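Here's the letter readout for the chains.
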Amino acid sequence: MLILLLSQMPLHAQWGSLIQKAATKTAKTIEKKADSVANAASAALDRQVEKRLQARQAASDNQQESAENSYGALMRQMPDLPTVQQLCSHKEAELNEQTLRLLSSAVTRFNTHVLNLSVKVSAMAVRNIDSSNTSDFAYKMAQLTTGMSREEIDHLASLPEEEQEAYLAAHYKNGTAEAALVEQAAEANKYLEPLQPLIDKWDEVGRKADQVLEQADTKCKKIYKKFASQLESATGKERNKVLLEYYSNIVAVQRDAVQQAMKIRLEEQLPIAEEIEAKMVKIREEHKDAISSLLNYPQLTASQYFAEWSRLLDIPEYK
């Protein structure tokens, strides 16, 4: 384009050819430099675009990883509960101390998976606590639970174990620890007051899940009465046989109840917990104490969710 413009300029006759050649050469040089600059700019732009794409991908990957490692995501990784038949078979192997059957049991595999998920829940809770100074947080926790100063805690740590017990006994006797807990609770109550309606709602849903389990217990107590006298008189393998028969009569009731309770916690309680947690973020920024760090309702919900399953591993006996 520049060459074309220069070639159309009105020129004096005696300069015509010389100026035209010079102008054309200058224009070509300018265009060559312009092309070089344009290419460099284009390459730089490509690099910037590539960096931005990589940053977006990394952010997307981090967001996906975060979502996959959320409390809700961990809860949704819980597989279907073992069947009644699998539970009874596992219990029989356990009562008869059949180690190989226990190791290969579907219930053992399930329990291992649930324990791994529970560990991840605990690890996430610790990770979410301000990790910039874990030592300081440990001191805060000790101060919260004992009412001691940092200097007193350091002094206690330096004592032999026997003297530590005596020191703690004397400390708790004067009521300092209880007073500290009351003070901390009163302070926490001030900044948690706006959240109380949500916390009450979370508690209410938790009671709903608990009631399902309590109703199952009521049914199991009635079944237990049918086996109570046999269990009192039987011993050894004979008692194990009665226990297994009793377990096989209640396990379906317990399994249904656990399933219902877990469903309530996942579908009804967790959303409330997540709503509370969204508001807790700001509170933690303003109140950097142990209570605000520990109050993590999604973590509490997930822990209770995974703990429900353990009821199916027990054989409840009632008085």
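Residues numbered from 1 in each chain as written. Predicted model: local features only at pLDDT ≥ 70, side-chain atom pairs only at ≥ 80, totals over all residues. Heavy atoms only, no water.

Enquirer: How should the layout of surface pockets be read in this particular structure?
Expert: Leftover empty space is mapped by rolling, across the atoms, a probe with the size of a water molecule. In this structure, the second largest pocket occupies an estimated 220 Å³ of space. Forming the walls of the second largest pocket are Met75, Arg76, Met78, Pro79, Asp80, Leu81, Gln259, Met262, Lys263, Leu266, Glu267 and Tyr305. Taken together, the elements giving at least two residues each to the lining of the second largest pocket come down to helix H3 (71-76) and helix H12 (236-286). In terms of residue class, the lining of the second largest pocket is built from 7 nonpolar, 1 polar and 4 charged. (1 Å grid on protein atoms, 1.4 Å probe; cavity = no way out; pocket = protein on both sides within 12 Å on 5 of 7 lines; lining within 4 Å. Points joined across faces, edges and corners; volume = space filled by probe spheres on them. Helix = DSSP H or I, 4+ residues; strand = E, 2+ residues; numbered from the N terminus. Nonpolar A, V, L, I, M, F, W, Y, C, P; charged D, E, K, R; others polar.)

Enquirer: In this structure, what is going on with the side chain of Glu308? I would like to understand it.
Expert: As for its placement among the helices and strands, Glu308 is situated in helix H14 (residues 297-308). Of the residues examined, Glu308 reaches a relative accessible area of 7% and is grouped as buried. Within the local environment of Glu308, its side chain forms a polar contact with the side chain of Arg265, the two groups lying 2.5 Å apart. Residue contacts for Glu308: discarding those within four places in its chain leaves Leu213, Val258, Ala261, Met262 and Arg265. (Buried < 20%, exposed > 50% of the residue type's maximum accessible area, 1.4 Å probe, protein only. Polar contact = N/O pair within 3.5 Å; in protein donor to acceptor, adjacent residues only side chain to side chain. Contact = heavy atoms within 4.5 Å.)

Enquirer: Explanation requested: the environment of Gln86 in the structure shown.
Expert: Secondary-structure assignment places Gln86 in helix H4 (residues 84-95). In sequence terms Gln86 and Val107 are 21 residues apart; their C-alpha atoms lie 6.7 Å from each other.

Enquirer: Explanation requested: the side chain of His90 in the structure shown.
Expert: Position of His90 relative to the elements: it lies in helix H4. Those residues within four positions of His90 in sequence are excluded, and the remaining contacts are Leu102, Ser105, Val107 and Thr108.

Enquirer: Hey, could you run me through the environment of Ala125 in this one?
Expert: Within the secondary structure, Ala125 is located in helix H6 (residues 106-128). Judged by relative accessible area, which is 17%, Ala125 ranks as buried. A C-alpha to C-alpha distance of 9.3 Å links Ala125 and Tyr71, two positions 54 residues apart in sequence. Ignoring any residue separated from it by four or fewer positions in sequence, one finds Ala125 in contact with Tyr71 and Gln299.

Enquirer: Help me understand the nonpolar core, please; the structure alone is not making it clear to me.
Expert: Note that soluble globular proteins tend to have their nonpolar side chains buried in a common cluster. If you look at the biggest cluster of nonpolar residues, it comprises 60 residues, and the most contacted ones within it are Met78, Leu192, Tyr246, Ile276, Phe306 and Trp309. Going through the elements one at a time, H3, H4, H6, helix H10 (176-192), helix H11 (196-233), H12 and H14 are the ones with two or more residues in this core. Per-element tally for this core: the top contributor is H12, with 18 residues. If near-sequence neighbours (up to four positions away) are discounted, Tyr246 is found in contact with Cys220, Ile223, Tyr224, Phe227, Ile315, Pro316 and Tyr318. (Core = buried A, V, L, I, M, F, W, Y, C linked by side-chain atoms within 4.5 Å.)

Enquirer: What should I look at first to understand the confidence of the model for the protein chain in this one?
Expert: When pLDDT is low, close inspection of the predicted coordinates is not appropriate. For the protein chain, mean pLDDT is 78; residues scoring 70 or higher make up 65% of the total. Here residues 1-31 is a poorly scored stretch, pLDDT under 50, and it has 15 contacts once near neighbours within four places are set aside; other chains count. (pLDDT = per-residue confidence, 0-100.)

Enquirer: Looking at this model, I keep getting lost on the packing of aromatic side chains. Mind explaining?
Expert: What describes a pair of aromatic rings is the distance from one ring centre to the other and the angle between the planes of the rings. Inspection of every chain in the model, using the stated rule, returns 6 aromatic pairs. Between Trp202 and Tyr297, the aromatic rings sit 4.9 Å apart at their centres with planes inclined by 80 degrees, giving edge-to-face as the arrangement. Of this pair, Trp202 sits in helix H11 while Tyr297 sits in helix H14, and the two are 95 residues apart along the sequence. Owing to a relative accessible area of 7%, Trp202 belongs among the buried residues under this scheme. Its relative accessible area of 9% is what places Tyr297 among the buried residues. Judged by centre distance (5.4 Å) and plane angle (70 degrees), the rings of Tyr224 and Tyr246 are edge-to-face. One end of the pair, Tyr224, is in helix H11; the other, Tyr246, is in helix H12, and 22 residues separate them in sequence. The exposure classification of Tyr224 matches that of Tyr246, with both residues buried. In textbook terms, an aromatic cluster arises when at least three aromatic residues are bridged by ring pairs, as seen for Tyr224, Phe227, Tyr246 and Tyr318. Sitting over the ring of Tyr247, Lys91 keeps its end group 5.4 Å from the ring centre. (Phe/Tyr/Trp six-rings, centres within 6.5 Å; stacked < 30°, edge-to-face > 60°. Lys NZ or Arg CZ within 6 Å of the ring centre and 35° of its normal.)

Enquirer: Just to check I follow, could you spell out a negative patch on the surface for this structure?
Expert: Residues Glu161, Glu162, Glu163 and Glu165 make up a contiguous surface patch of negative charge. For Glu165, a relative accessible area of 52% puts it in the exposed group. (Patch = residues over 30% accessible without salt bridge, like charges linked within 9 Å, V, L, I, M, F, W, Y side chains within 5 Å. Areas by Shrake-Rupley, 256 points an atom, 1.4 Å probe, with all protein chains shown as cover. Salt bridge = Lys/Arg side-chain N within 4 Å of Asp/Glu carboxyl O. Lys, Arg positive; Asp, Glu negative; His and termini not counted. Charge placed at Lys NZ, Arg CZ, Asp CG, Glu CD.)

Enquirer: Explanation requested: the pattern of salt bridges in the structure shown.
Expert: Once their charged atoms are close, side chains differing in charge can pair, the charge on each being opposite to the other. Scanning all chains against the criterion turns up 9 salt bridges. A salt bridge links Arg101 to Glu92, with the nearest nitrogen and oxygen atoms 3.7 Å apart. Between Arg265 and Asp210 there is a salt bridge, with the nearest N and O atoms lying 3.1 Å from each other. Placement of Arg265 in helix H12 and of Asp210 in helix H11 is noted, with a sequence separation of 55 residues between them. Residue class for Arg265 comes out buried when judged on its relative accessible area of 3%.

Enquirer: Can you walk me through the packing of H12 against H14 in this structure?
Expert: Packed helices, taken two at a time, are described by the angle between their axes plus the distance between the axes. In the contact formed by H12 and H14, the axes pass within 8 Å of each other and the chain directions differ by 170 degrees. Judged by the inter-axis angle, H12 sits roughly antiparallel to H14. Residue-level inspection shows Val258, Ala261, Met262, Arg265, Leu266, Gln269, Leu270, Ala273, Glu274, Ile276 and Glu277 of H12 in contact with H14, the latter providing Tyr297, Pro298, Thr301, Gln304, Tyr305 and Glu308. A breakdown of the residues in the contact of H12 with H14 according to their chemical character gives 10 nonpolar, 3 polar and 4 charged. (Axes fitted to C-alpha atoms, helices over the stretch in contact; angles between N-to-C directions. Parallel < 35°, antiparallel > 145°, perpendicular 65-115°, else oblique.)

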